Amino acid sequence: MKYPNGVSIKEVQAVELEILIEFDRICKNNSIPYQLFAGTLLGAIRHKGFIPWDDDIDVCLLRKDYERFLHVSKNDLNESYFLQTCFSDPASIVQFAKIRKKGTVFRNLSDLDNTYETGIYIDVFPLDNVYPERFLGRYQPWLFAFWYACTTSSVKKRVERSKNIIVKLARKMIYQLLKVYPKQKCDLHAQRALRMFESKKTEYINHLTNGVTKTRLKKYLRKSETFYDIIEWEFEGTMFPIPRNYHDVLTRNFGDYMELPPEDKRYPHHGVIEVVV
């Protein structure tokens, strides 16, 4: 399986594994608990490594551990890598961290309209405290969604790709407003929404930073008390931490997760058009 310019997916996966090993080193040296997440967790259980057609790695941490990772990485991260957030790279439109390999390129259509770093990466997601059954708790994800829509509207190609005409017009208006109201302020508002219950001991945590819909909110909801119950599992010949209740997590995420998708669905989903390893 190759990208348009001839680079194979296995070459990209090799770089991503290298980044994951560096991330794991920092976490273990600083006693920061984390887990393989989403498609990477699925790959570990079903394939003992990458899903063959998957071209990214996802890990997750509780918010307090995520913030500690960001702090220690300022000194601990090997200089071959760049820790990208919307604050370390103000042009970045995502509200979670990416660790990118310097000197590489992994670019999709949206990236052509922006100036942020676009090296091969792994995604580092915080899981935030939530109150799904409370009024203010139900308000939290939609407050974040508003500010997230604002910050992502800073990329013109994303605005143009909106399929809903009303959404497209709204994003065009926001795109113009961002020339007056800085994107960095939108980033701050988005982060405050995510951390609304950071000081509370909530029963639940959720994955909010990659966008929220009713389906996603239900899919990624987890009990806080289960997160630190971690076991080691093989991924590409190396042992990494995963949740002990991985069956419950993956069933909630994917349904019958051991069933392979149809062959016509087995391809990378990031729309990458340029790769340099």
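The structure this text deals with has already been given above.
Residue indices follow the written sequence of each chain, beginning from 1 at its first position. Only residues with pLDDT of at least 70 are given local features in this predicted model, and only at 80 or more are side-chain atom pairs given and counted; all residues enter the totals for whole chains, interfaces and linings. The side-chain quantities take in all heavy atoms of the structure and omit both hydrogens and water.

1. Some details on the overall build of the chain
Reasoning step 1: Helix and strand definitions here come from DSSP, where helices need a minimum of 4 consecutive H or I residues and strands a minimum of 2 consecutive E residues; each element is numbered from the N-terminal end. The number of helices and strands found in the chain is 9 helices and 11 strands.
Reasoning step 2: For a compact globule of 277 residues, the expected C-alpha radius of gyration is about 19 Å, and the chain comes in at 18 Å, within 12% of that figure.
Reasoning step 3: A principal-axis box enclosing the C-alpha atoms of the chain has dimensions of 50 × 50 × 45 Å.
Reasoning step 4: Per-residue burial over the chain gives 51% buried out of 277 residues.
Reasoning step 5: We call two residues in contact whenever any of their non-hydrogen atoms come within 4.5 Å of each other. At a minimum sequence separation of 6, the contacts of the chain that also span at least 24 residues come to 69%.
Reasoning step 6: For the chain, the exposed surface amounts to about 14000 Å²; the carbon and sulfur share of it is 55%.
Reasoning step 7: Within this scheme the basic residues Lys and Arg register as positive and the acidic residues Asp and Glu register as negative, but His and the chain ends are omitted. For the purpose of locating charges, the reference atoms are NZ of Lys, CZ of Arg, CG of Asp and CD of Glu. Of note, the chain has its 42 positive side-chain charges centred 7 Å away from the centre of its 35 negative side-chain charges. Here the radius of gyration uses the C-alpha set of atoms, whereas the globule reference equals 2.2 Å times the residue count to the power 0.38. Think of it in three bands: residues with accessible area under 20% of the maximum for their type are buried, residues over 50% are exposed, and the middle band is partly exposed, with areas taken using a 1.4 Å probe on protein chains only. Shrake-Rupley sampling with a 1.4 Å probe provides the accessible areas, and residues are treated as covered by the protein chains on show and by no other component.

2. Points about the side chain of N129
Reasoning step 1: Inspection of the secondary structure assignment puts N129 in strand β6 (residues 121-130).
Reasoning step 2: A residue is classified by how much of its surface remains accessible, and N129, at 17% relative accessible area, is buried.
Reasoning step 3: Within polar-contact distance, the side chain of N129 engages the backbone oxygen of F197 at 3.1 Å.
Reasoning step 4: The term polar contact refers here to a pair of N or O atoms within 3.5 Å; inside protein, the definition further demands a hydrogen-donor-capable atom paired with an acceptor-capable atom, and it admits residues adjacent in sequence only when both atoms are side-chain atoms. At a separation of 2.9 Å, a polar atom in the side chain of N129 contacts the main-chain carbonyl oxygen of K200.

3. What to know about helix α4 (residues 135-152)
Reasoning step 1: Multiplying 1.5 Å by the residue count of a helix minus one yields the expected span of that helix. For α4, spanning 18 residues, the distance from its first C-alpha to its last is 26 Å, which sits close to the expected 26 Å at 1.5 Å a residue.
Reasoning step 2: For α4, the set of buried residues is G137, Q140, P141, F144, W147, Y148, C150, T151 and T152.

4. Examining the environment of Y3
Reasoning step 1: Along the chain, the position of Y3 falls in the segment before α1 (9-29).
Reasoning step 2: Setting aside anything within four residues of it in sequence, one finds Y3 in contact with S8, I9, V12, D55, F106, V272 and V275.
Reasoning step 3: Looking at Y3, its side chain comes within polar contact range of the side chain of D55, at 3.0 Å.

5. A few points about the pairing of strand β10 (residues 238-243)
Two faces make up the sheet, and in a regular strand the side chains alternate between them.
Reasoning step 1: Should DSSP find at least two bridges between two strands, the strands are regarded as paired. Judged from the 6 bridges that link them, strand β9 (residues 230-235) and β10 form a sheet pairing that is antiparallel. Bridge pairing links F235 to T238 in β10.

Purely geometric numbers; function is a separate question.
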